[in-house]
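# Examination of the molecular architecture
Chain residues, written in single-letter form:
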Amino acid sequence: MSKNLVIVESPAKAKTIEKFLGKDYKVKSSMGHVRDLPEKKLGVDITNNFAPLYEVLHGKNKIINELKEDVKKVDVVWLATDEDREGEAISWHLKEVLNLPDSMTRRIAFHEITKPSVIHAIENPRELDINLVDAQQARRVLDRLVGFELSPLLWKKVQPALSAGRVQSVAVRLIVEREKEIQKFQSVSTYRVLAEFLVVKGAEKTVAIRAELNTRFKTEEEAKEFLENCKGAAYTVNSVEKHPAKKSPSAPFTTSTLQQEASRKLGFSVSKTMIVAQQLYESGYITYMRTDSVNLSDLALADAKNEITQYYGAEYSKTRKYVTKTKGAQEAHEAIRPSYLEQHTINTGDNAQKRLYELIWKRTIASQMSDAKFEKTTVSIDISTRPEKFITEGEVLLFDGFLKVYMESHDDEENNEDRAGELPPIKEGMVLPVVEIQSIEKFSQQPYRYTEASLVRKLEELGIGRPSTYAPTISTIQKRQYVLKGEREGIERTYNVFTLKQDKITQSTKKEKVGQEKGKLYPTDVGVVVNDFLIVHFENIMNYNFTAKVEKEFDNIADGKRKWEDMIREFYVKFHKIVEVTMKTSEKAVGERLLGKDTKTDRNVYAKLARFGPVIQIGESDEKVKPLYAKLMPNQSIETITLEEALDLFKLPRVVGSREGEELVVNIGPYGPYIRYRDKFYSVSKTEDLKTITIERCMELIDQKIESDAQKAPVLVGQYNNMDVSAAVGRYGPYLSYNKRFYSLPADTNVKALSLDEAVEAIKNAEKKNTIQSFEENDKIKVLKGKYGAYITDGKDNYKVPKGKNPTELTCQECLDIIKQNQTDKPEKKKTVRKKK
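This section reports on the structure supplied with the text.

What counts, and where the lines are drawn
- Counting of residues starts from 1 at the beginning of each chain's written sequence and follows it residue by residue.
- Where local features are concerned, this predicted model is filtered to residues with pLDDT of at least 70; where side-chain atom pairs are given and counted, the filter is 80 or more; whole-chain, interface and lining totals use all residues.
- Think of the side-chain values as coming from all heavy atoms in the structure, minus any hydrogens and water.
- The rule is short: rings of Phe, Tyr and Trp, with Trp giving its six-membered ring, pair when the centres are within 6.5 Å, and they are stacked under 30 degrees, edge-to-face over 60, tilted in between.
- Counting from the N terminus, the helices are the DSSP runs of H or I reaching at least four residues and the strands are the DSSP runs of E reaching at least two.
- Note on exposure labels: buried denotes an accessible area under 20% of the residue type's maximum, exposed denotes more than 50%, and partly exposed covers the range between, all computed with a 1.4 Å probe on protein chains only.
- Criterion for a charge above a ring: Arg CZ or Lys NZ at most 6 Å from the ring centre, at most 35 degrees from the ring normal.
- Here, a strand pair is defined by DSSP locating no fewer than two bridges between the strands.
- Pairs of cysteine sulfur atoms within 2.5 Å are identified as disulfides in what follows.
- Axis lines are fitted through C-alpha atoms, for helices just across the contact stretch, and the angle between N-to-C directions can take any value from 0 to 180 degrees.
- The term nonpolar core refers to a set of buried residues drawn from Ala, Val, Leu, Ile, Met, Phe, Trp, Tyr and Cys, joined through side-chain atoms within 4.5 Å.
- Only heavy atoms matter for contacts: two residues are in contact if any of them lie within 4.5 Å across the pair.

### Things to note about the packing of aromatic side chains
Enumeration according to the criterion identifies 19 aromatic pairs in this entry. Seen from their ring centres, Tyr54 and Trp92 are 6.2 Å apart, and the 70 degrees between their planes marks the pair as edge-to-face. On the criterion of sequence distance, the pair formed by Tyr54 in the loop between strand S5 (51-52) and strand S6 (55-56) and Trp92 in helix H3 (residues 85-97) is long-range, its members being 38 residues apart. For the pair formed by Tyr54 and Trp92, the shared burial category is buried. Taken together, Phe197, Phe217, Phe226, Tyr235 and Phe390 form an aromatic cluster joined through their ring pairs. For the cation-ring pair, Lys265 lies above Tyr406, with the distance from its terminal atom to the ring centre recorded as 5.0 Å. One Lys or Arg, Arg488, reaches over the ring of Tyr522 and ends 3.6 Å from the middle of that ring.

Following this line, the structure appears as structure tokens:
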């Protein structure tokens, strides 16, 4: 019998740790948190020093009871949850729920799930750090108080079923403010001048180089005047400057930088990055993934040096110790890195795990490699008729260093418009023939919308949140529909190009697509209205500095410098008074915007937020004549919709035409635009314009939907054991349906061409794979492995194996008895008769 019980949060982590410990240790999982504040009640006793009233989470009683039974059989319980504040809190809750005495409780934590780390932790246990627990409690209680006090206020003053959070509200504010900057932005044009010169290289060969003028012109007239002056001008090399340059590698990953780089390089969302990183950590492949430290252990530094020297050479190795710049870094003591640097890739796990592991390995190795060395050349070219100069730059890579392994990506805020290449040999005093000079109209760019990754970076810069809170914050604001992640198609814009060639100036107009964005965060109308309401009435909570200050308070609690109850009390007393005053005195927030007057009725037209979403209202709410309402299209916004676009909405529902005596009607419903035809509804893409859509386009969309449904409809293949076998294409690919069960088919299966023999063979193969037992005396009776546990089949129906029965030890007679018992106990279905109204 095991003398030790080790409790961790997840089965994957338990499985990995179990491999390192002997038979004296039993490893069990708590499946995450076991207690929390109640879901539908405040759960905080404000009058009793803000004491949290924890409840066992739904579905966790069974796990707790099993753990209690295990505790009775051992001498020592090792609480091995993660090393951050949340992990410490889970351990504390387990100790409380399981009634563990101090004498038999040991707290252990490790930064990586490797055998040396686990053994070292066992040899060096510690007590629970109640300061870390208190810091986590303070965060949980504060967020609960804010949410439970603000949500009813928002229901009354903005819209039903809304909720607000402390950090989430600040994240929404960042996105709303960026959107307002974009709406106010006025693009300004300037003229950028580029020239192409010829440089003689060798006996007869010439090479073209491009150079840019060292100034930009504000007007078209100035740009034309410059080109006129350049007619017949001579272009002489004024100076050639060469200087060495170097590029250093980035630090190893923190949580924030991993989320950003995985978004840029792999296209992962912030939440997906954390899920995959958690899987890698629990499988023992990487160190703990919630950290704001860039430090690497001495062992990791030595391993990195050996690996680099062996694979790339000693000249590529340079040991570096990075310093954490993030204030209040506390989540862990080391950066995210592979547990074993000699393992360049992993063979197990899915594709996402393999790609993320490779990214982490490359970043870690690159961080300990030599600088990349370049020689940069800057050439200045005089114009005989003008004081300005043309400048061109070249760059030669002398030593690749860390670039041999890894190059960091950048957000679209980075300017990579003209990357320097190698220049041909150029000397001072050379006269360069000019091929052409172009003056190109360029427009200033609007501020970039946030991506999930750039929002994480901004939150980190402001000191808002911690590594463990970034992903939940961004997921929550999207889940609550305050922010959407989407795309913008962009618009075409024309720009002027003036070209001087062979002393002649020509003008041309070109087109470019601007405003095209993908995977960016946009505020919804509800998000904008809620944000504006909270800024007016709760300036403190929405203040970036205040939110960062609260994080520092949590850090002080974790360091034992402050009592968490005092911190909560200081905040709550002021906050609660503001909530009470706002509830009594503030007006309902609808984000109302006057667009103009309706040309038909001369009544005011408003864009506003109504009970069930953004609408256009014609008329006043207090008039005798009731106002008219129309719902906004999914791609429209209260802030940007025009009067003309608003009035067009009242043309819906619109009869597009008729086919075979049935009308085709387009309209907007609760789930977006649609076509109604023959009492059936067909969804329409948000990009379709319902005001101009033609009957031909409607029928095309309807036919596409009918064809798509027909392809997905089940096809009857035949009968097997007097039961139907059908095939279809579902969400996860082709499958068979037989005897109330589903069987996956290969992805390239043509379900319409599938024969009965092929289907029966697929069913038999699947059942053979999942068969726990079969019986010679009755070949119809089988014990099979299912998604939700073992079950017995008689070829006609399926019966769950009773609790307490071992499916591998059942006899044929026991199976028949279970089937008989189930058939006896099965209640008859009563027919219900519906009364007509």
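### As for the pairing of strand S14 (residues 434-443)
Each regular strand shows side chains that alternate between the opposite faces of the sheet. Of the strand pairs in this sheet, strand S9 (residues 189-201) and S14 are connected by nine bridges, and their pairing is antiparallel. When the sheet's bridge partners are listed, Ser189 is paired in S14 with Phe443.

### Comments concerning the state of the cysteines
One pass over the full model with this rule turns up zero disulfides. Here Cys815 is not disulfide-linked; the sulfur of Cys812 is the nearest cysteine sulfur, at 6.4 Å. Judged by its relative accessible area of 0%, Cys815 falls in the buried class.

### Remarks on the sheet that holds strand S34 (residues 798-800)
The sheet built from four strands is open, its strands ordered S31-S32-S33-S34 with antiparallel pairing. Of all strands in the sheet, those bounded by a partner on one side alone are strand S31 (771-775) and S34. Taken over all neighbouring pairs, the strand axes of this sheet differ in orientation by 25 degrees on average, direction set aside. With five bridges joining them, strand S32 (residues 778-786) and strand S33 (residues 789-793) adopt antiparallel strand pairing.

### Points about the sheet that holds strand S29 (residues 733-738)
Sheets are built from strands paired through backbone hydrogen bonds, the pairs being either parallel or antiparallel. If you trace the four strands from one edge of the open sheet to the other, you get S27-S28-S29-S30, paired in antiparallel fashion. The sheet is open, and its two borders are formed by strand S27 (715-720) and strand S30 (741-744), each paired with just one other strand. Recorded for the sheet is a direction-independent mean angle of 30 degrees between the axes of neighbouring strands. Of the pairings in the sheet, the one linking strand S28 (residues 723-730) to S29 comprises six bridges and is antiparallel in character. Of the residues in S29, the one forming a bridge with Ala727 is Leu736.

### Notes on the pairing of S27
As paired strands, S27 and S28 are joined by five bridges and run antiparallel to one another. Bridge assignment links Leu716 to a residue of S28, and that residue is Ser726. Between S27 and S28, which pair antiparallel one after the other, the connecting turn spans two residues, and Asn721 there sits at a positive phi close to 55 degrees.

### Some thoughts on the nonpolar core
Inside soluble globular proteins, nonpolar side chains tend to come together where they are buried. In terms of nonpolar packing, the biggest core is built from 143 residues, with Ile286 and Leu356 touching the most fellow members. Of the residues forming this core, the biggest block, eleven residues, is contributed by helix H5 (residues 130-157). In contact with Leu356, not counting residues within four places along its chain, are Leu258, Ala262, Leu266, Phe268, Thr273, Val276, Ala277 and Leu280. Membership of the second largest hydrophobic core comes to 25 residues, among which are Tyr191, Ala195, Val379 and Phe390.

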